[in-house]
Amino acid sequence: MHDVTGMSIASLQEAMARGETSAEEIAAAFLARIREKDDAVGAYLTVTEEEALAQARAVDARRARGLPAGALAGIPAAYKDNLCTRGVRTTCASKLLADYRPPYDAAAVERLQAAGAVMLGKTNLDEFAMGSSTEHSALGRTRNPRDLSRVPGGSSGGSAAAVAAGEAAFALGSDTGGSVRQPAALCGVVGMRPTYGAVSRWGLVAFASSMDEIGPLTRTVADSARVLEALCGHDVRDMTSARRPCGGYVEALGTGVRGLSIALPEEMFGEGVAPEVAEAVERGARLLERKGARLCGVRLPALRYALPAYYILSSAEASSNLARFDGVRYGRRAQEARDMEALYAASRSEGFGPEVKRRILLGTFALSAGDGEAYWRRAQRARAQVRAQMRSALEAHDLLLSPTAPSVAWRAGEKADDPVSMYRSDLCTVPASLAGLPALSMPCGTGKDGLPVGLQLMGRAFAEGTIYRAAQALEEAMAE
């Protein structure tokens, strides 16, 4: 049998069903791969070897007794380290939470455990999910498996790198402004941001609550559909969780794109997008056209406001959400503080890294008295325009298609001293985040130095099935 670490979820399930391998053997193979590769890649902050083998044995025992084992039974998974895991370190890649062990599992983790997935460990990220390269982790560096001299993207860089390196069959990330899709593009894997509210955020350490969403990173489109089917659904513990049926994603696969109308927003192919990236994505669009989709251009002028609006709003929400990390209730506490105010200041100064501090300061300024109208309220109005124009375009068309990231992966350190240049890597992903719409990134050829290019498909709210339908058609067309 082939090396299991290179197999899709469906192939692993079929191999277990035929008795060619077991969940324990699969877990052991992935753990061996982590030992072999991760010193160079640095995808993981914590590897849960004993727990993984125990969970895999439990899956094998259920199968041996003829009991239902779950939709993802025996499939090895990695979780971004801002998802709470009971008794297992959840650090957010921050000194402030370096030794924090939650007393509960995040809802997304619960759902995957119920589906039989096996947890291999927790993956690296930009601290508190604030970054686009995973260079802002306080606990280690992650490298892009496609070229170890380059970044994997961020903030879910560890999750994307783990899947790209064969160190997990799939991984979970969180996506606020593109943190699942952009690293998926740079590492050459599939990343899905579901509709806001489709997946419970309970147990996800909050960055910007009005935009945070949890999504899978996988090798194939079909794998992504399987994982999202296990993840989605209403959760009473999350007040933003949607009260509507979801699923049917696997069923949508294989239905083709004939008759679908796909629009390419002009603003996502112009200034700031590398020519080789735009060309690769346009070639992908033409493949869909040959499969029967109808292509057209569309103008969405409000998109020019999307990036600044996102950084004002997300930083404002981060300023509020991160106020709880004060050195008193949990997390790192400064020693020998004179009084409570000094304790707060010292604990936060020692615990937060430079990028998190930058965004807290930006957000606090945007919310401060006298500046709220100039910044936060104007950003909210810009967000409303982005949402209205995208939803209007999606009333006329089934999908929007664009690059995911405006460039291929850059060399480590190349943008470290230029935060504005780093922020521009979210140029094409923040519109869907602001609008609360589902969006998927998938590999679409290569660009400079043979590095992966990502193509993004965006759809109507809760129309993930349509996105998967088109994405699989493109995946098949590229393999022909």
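For the structure, see preceding data.
What counts and how
Residues numbered from 1 in each chain as written. Predicted model: local features only at pLDDT ≥ 70, side-chain atom pairs only at ≥ 80, totals over all residues. Heavy atoms only, no water. Helix = DSSP H or I, 4+ residues; strand = E, 2+ residues; numbered from the N terminus. Buried < 20%, exposed > 50% of the residue type's maximum accessible area, 1.4 Å probe, protein only. Contact = heavy atoms within 4.5 Å. Areas by Shrake-Rupley, 256 points an atom, 1.4 Å probe, with all protein chains shown as cover. Lys, Arg positive; Asp, Glu negative; His and termini not counted. Charge placed at Lys NZ, Arg CZ, Asp CG, Glu CD. Disulfide = S-S within 2.5 Å. Salt bridge = Lys/Arg side-chain N within 4 Å of Asp/Glu carboxyl O. Core = buried A, V, L, I, M, F, W, Y, C linked by side-chain atoms within 4.5 Å. Pairing = 2+ DSSP bridges. Axes fitted to C-alpha atoms, helices over the stretch in contact; angles between N-to-C directions. Patch = residues over 30% accessible without salt bridge, like charges linked within 9 Å, V, L, I, M, F, W, Y side chains within 5 Å.

(A) How the structure looks around the overall build of the chain. Along its length, the chain carries 16 helices and 11 strands. Judged by the C-alpha coordinates and their principal axes, the chain covers about 65 × 55 × 45 Å. Going through the 480 residues of the chain one by one, you find that 60% of them count as buried. The contacts in the chain between residues at least 6 apart in sequence include a share of 75% that link residues at least 24 apart. A total of about 18100 Å² of accessible surface is found on the chain, and carbon and sulfur atoms cover 49% of it. Separation between the mean location of the 56 positive side-chain charges and that of the 56 negative ones in the chain comes to 3 Å.

(B) Expanded view of the state of the cysteines. According to the stated counting rule, one finds one disulfide in the structure shown. The disulfide partner of C232 is C246, and the gap between their sulfur atoms is 2.4 Å. With the S-S bond torsion at 95°, the cross-link from C232 to C246 turns out right-handed. Placement of C232 in the loop between α7 (221-231) and α8 (249-252) and of C246 in the loop between α7 and α8 is noted, with a sequence separation of 14 residues between them.

(C) Representation of the pattern of salt bridges in the model. Taken as a whole and assessed by the stated rule, the structure comprises 17 salt bridges. Its salt-bridge partner being R35, residue E49 comes within 3.2 Å of it at the nearest N-O pair. In this pair, E49 is assigned in helix α3 (residues 49-64) and R35 in helix α2 (residues 23-41), connecting sequence segments 14 residues apart. In this structure, D235 and R237 form a salt bridge, with 3.0 Å as the shortest nitrogen-oxygen distance. Overall, the relative accessible area of 7% leaves D235 in the buried class. In the salt-bridge network here, residues are joined through shared partners; they are E110, D235 and R237.

(D) Up close: the nonpolar core. Counting residues in each nonpolar core, the largest one holds 149 residues, and the members touching the most others are L72, L112, F128 and L401. With eight residues, the top contributor of residues to this core is helix α10 (residues 306-321). Core analysis: the next-biggest nonpolar cluster, separate from the first, contains seven residues, A405, A409, W410 and M422 among them.

(E) Broad picture of the sheet that holds strand β6 (residues 213-218). With mixed pairing, the 11 strands of this open sheet are ordered in space as β1-β3-β2-β4-β6-β5-β10-β11-β9-β7-β8. In this open sheet, the two strands that pair with only one neighbour each are β1 (44-47) and β8 (294-298). The mean angle between the axes of side-by-side strands here comes to 30°, regardless of whether they run parallel or antiparallel. Inspection of the sheet shows strand β10 (residues 439-446) paired to strand β11 (residues 452-459) by six bridges, in the antiparallel sense. Bridging from a neighbouring strand, L440 pairs with L457 of β11.

(F) Spotlight on a nonpolar patch on the surface. A grouping of V328, M340 and Y344 is seen on the molecular surface, where their side chains present a nonpolar patch of about 250 Å² in accessible area. With respect to the helices, strands and loops of the structure, V328 is situated in the loop between α10 and α11 (340-351).

(G) Inspection of the pairing of β11 at higher detail. Most of β11 sits out of view: eight of its eight residues are buried. Here β11 shows a buried face lined by P452, G454, Q456 and M458 and a second buried face lined by V453, L455, L457 and G459. As judged from the five bridges shared by strand β9 (residues 399-403) and β11, these two strands associate in the antiparallel manner. From the neighbouring strand, S402 faces β11, where its bridge partner is Q456. Linkage of β10 to β11, two consecutive antiparallel strands, is achieved through a turn of five residues, within which D449 is found at a positive phi near 60°.

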